[in-house]
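Structural description and commentary
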Amino acid sequence: MVYFDSAATSWPKPPEVWQAMQHFIQEIGASPGRAGHKRTVMANKIVDETRQHLAELFNVDKRERIIFTLNATDSLNLAIKGLLKPGEHVVTSSMEHNSVTRPLYTLRAYGVEVTKINCDQQGNIDVEEIERAIRPNTRAIVMTHASNVTGTIMPVEEVGKIAAKYNLYFILDAAQTAGLLDIDVKRFNISMLTFPGHKSLMGPQGTGGIYIREGVPLLTLREGGTGSGSETPTQPEMMPEKYESGTLNAVGIAGLGAGVKYIRKVGLAKIREHEMSLTKKFLEMAKEIGGLHIYGHPNVDNRVPVVSFRIDGYKAGQVGDRLDKEYDIACRAGLHCAPDAHHTLGSFDEKLVRFSFSYFNKPDEVDYAINALRKIASQIPAQTLPAR
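A brief report on the enclosed structure follows. (Residues numbered from 1 in each chain as written. Predicted model: local features only at pLDDT ≥ 70, side-chain atom pairs only at ≥ 80, totals over all residues. Heavy atoms only, no water.)

Observations regarding the packing of helix α1 (residues 15–28) against helix α7 (residues 250–266)
Note the cut-off: All axes are obtained by fitting lines to C-alpha atoms, using only the stretch in contact for helices, and the reported angles, taken between N-to-C directions, cover 0 to 180 degrees. By the criteria applied, helices consist of DSSP H or I runs no shorter than four residues and strands consist of E runs no shorter than two, each listed in order from the N terminus. A clockwise turn of the near helix away from the far one marks a right-handed crossing, whereas an anticlockwise turn of less than a right angle marks a left-handed crossing. We call two residues in contact when some of their heavy atoms are within 4.5 Å. Residue classes follow a fixed rule: Ala, Val, Leu, Ile, Met, Phe, Trp, Tyr, Cys and Pro count as nonpolar, while Asp, Glu, Lys and Arg count as charged, and any other residue, Gly among them, counts as polar.
Between α1 and α7, whose axes approach to 8 Å, the crossing angle comes to 150°. Here α1 and α7 pass one another in a crossing that is right-handed. Taking contact as the criterion, the partners of E16, V17, A20, M21, F24 and I25 in α1 are, on α7, A250, V251, G252, A254, G255, A258, G259, Y262 and K265. Its residues placed into classes, the contact of α1 with α7 shows ten nonpolar, three polar and two charged.

Here you go:
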């Protein structure tokens, strides 16, 4: 099997990931922070170590500013709904995932004003338009670090400077970049960084997190058991307990910690170099296939390893189905939970097929996929042929 769907969930995982999860289940098994016996202490140590590794990866000074969540969507809901109030204004882009657009759409009904900056057909955004959109009641800028459809990398350092200039909160969705690109919350002036554990951080599903900068006035979306401060009827103010109600997914966090350690051992530069070499190879070879159209930035330096395309005469679902059933290639066909991005690209009606490469893919898998696409492109489906 050829797996080109790591933008949804990375696979395979490093052996260290499932070994860490197996070790936790077999040898520890207890809830972190819920008692004083040695197994809970061991569980808490694993959670704290993972928190520390993530803090170091993102240049966060205090590990307690890293909050564990269910996934990046959960983190974005906390960041967006916990910050914005009726009458306030937020700026975003037209390349966002539904994890950003749907919470914002919900808040509109409560009086939050939203300005969506239109990107071009490569997914690029004009930072000057962001600055021009700022109003007296603007509270925040929220945007993706890189599109999950085109792979286009956004100019987040420049956006962070605009946020600092106007004293705005900057929420960055790092779903496609955490574990792949160098993310420095200080250099980028990030107020809140949201990330999944199951993509380029190489952890399991059901893990994710958010960095919350000191001084961000963020409301809680959940209240409940925290293991500390139990005597009070209100949620404790201490971090990370303030935003971590209920028992953590400690098994998943153990796996996430192993994934982050693996990434740091290999190095972000080496991982990106390999993944982008595969992307470049695919882009160059795909140009030779008649009827195949690539979306996104032509320069791989401006991309993450995500490539979306269409083939003349086919619906995206038809191509994805054939790749799966005839060639055993796993990919993603459709709207990719990002309808705004497809409206921007003009691909909303026809939809697109997406390949996303990982550190564990190989060049010969790209060759195999190109040959499959070449055959598919040469065989127009009967239902698209003109009637006689």
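A look at the sheet that holds strand β5 (residues 138–144)
Selection criterion: Pairing between strands requires that DSSP locate at least two bridges from one strand to the other.
Pairing is mixed across the open sheet formed by seven strands, whose spatial order is β2-β8-β7-β6-β5-β3-β4. The open sheet has two free edges, formed respectively by β2 (66–69) and β4 (113–117), since each of these has just one partner strand. With direction set aside, neighbouring strand axes in the sheet form an average angle of 20°. Where strand β3 (residues 89–93) meets β5, three bridges bridge the pair, whose relative direction is parallel. If you follow V91 over to β5, its bridge partner there is I141. Lying on the sheet, helix α2 (residues 38–57) is in contact with β2 and β7 (192–196); it crosses β2 at an angle near 120°. Contacting β3, β4, β5 and β6 (169–173), helix α4 (residues 98–108) runs over the sheet at an angle of about 150° to β3.

With respect to empty space enclosed by the protein
Spelled out, the test is: A cavity here means a set of points on a 1 Å grid, drawn over the protein atoms and nothing else, where a 1.4 Å probe fits but cannot get out; a pocket is an open set with protein on both sides within 12 Å along at least five of seven lines, and a residue lines either one if it has an atom within 4 Å of a point. Grid points are joined across faces, edges and corners, and a volume is the space filled by probe spheres set on the points.
On inspection of all chains with the given rule, the structure shows two cavities of 30 Å³ or more. The calculated volume of the largest cavity comes to roughly 160 Å³. Taken together, 18 residues form the lining of the largest cavity, with S6, A7, S200, E275 and F357 sitting closest to its centre. For the lining of the largest cavity, the residue count by class is ten nonpolar, six polar and two charged. Lining the second largest cavity, in full, are T69, D74, L78, T220, L221, R222 and Y243.

A short note on the pattern of salt bridges
So the rule is basically this: Every case where a carboxyl oxygen of Asp or Glu lies within 4 Å of a side-chain nitrogen of Lys or Arg is listed as a salt bridge. A 1.4 Å probe rolled over the protein chains alone gives each residue an accessible area, and that area as a share of the maximum for its type sets the label: buried under 20%, exposed over 50%, partly exposed in between.
Scanning all chains against the criterion turns up 23 salt bridges. Note that D48 is salt-bridged to R63, the shortest N-O span being 3.9 Å. Residue D48 is located in helix α2, and its partner R63 is located in the loop between α2 and β2; the two are separated by 15 residues in the primary sequence. Taking relative accessible area as the criterion, D48 reaches 21% and is therefore assigned partly exposed. A relative accessible area of 33% places R63 in the partly exposed class. Among the salt bridges present, the one from E244 reaches R51, with a minimum N-O distance of 2.8 Å. Here E244 is found in the loop between β8 (208–212) and α7, whereas its partner R51 is found in helix α2, with 193 residues between them in sequence.

A look at the sheet that holds strand β10 (residues 306–311)
Read across the open sheet, the four strands follow the order β9-β10-β13-β12; overall the sheet is antiparallel. This sheet does not close on itself; its edge strands, each paired only once, are β9 (292–295) and β12 (332–334). For this sheet, the mean angle separating the axes of adjacent strands, direction not counted, is 30°. Here three bridges tie β12 to strand β13 (residues 352–356), and the two strands are oriented antiparallel to one another. Residue pairing in the sheet places A333 in a bridge with V353 of β13. Sitting on the sheet, helix α9 (residues 316–327) touches β10, β12 and β13, and the angle it makes with β13 is about 45°.

A few points about the side chain of S191
With respect to the helices, strands and loops of the structure, S191 is situated in the loop between β6 and β7. Beyond its immediate stretch of four places on either side in the chain, S191 contacts L168, Y169, F170, Y211, I212, R213 and V216.

Spatial relationships are all this shows, so hold off on functional conclusions.
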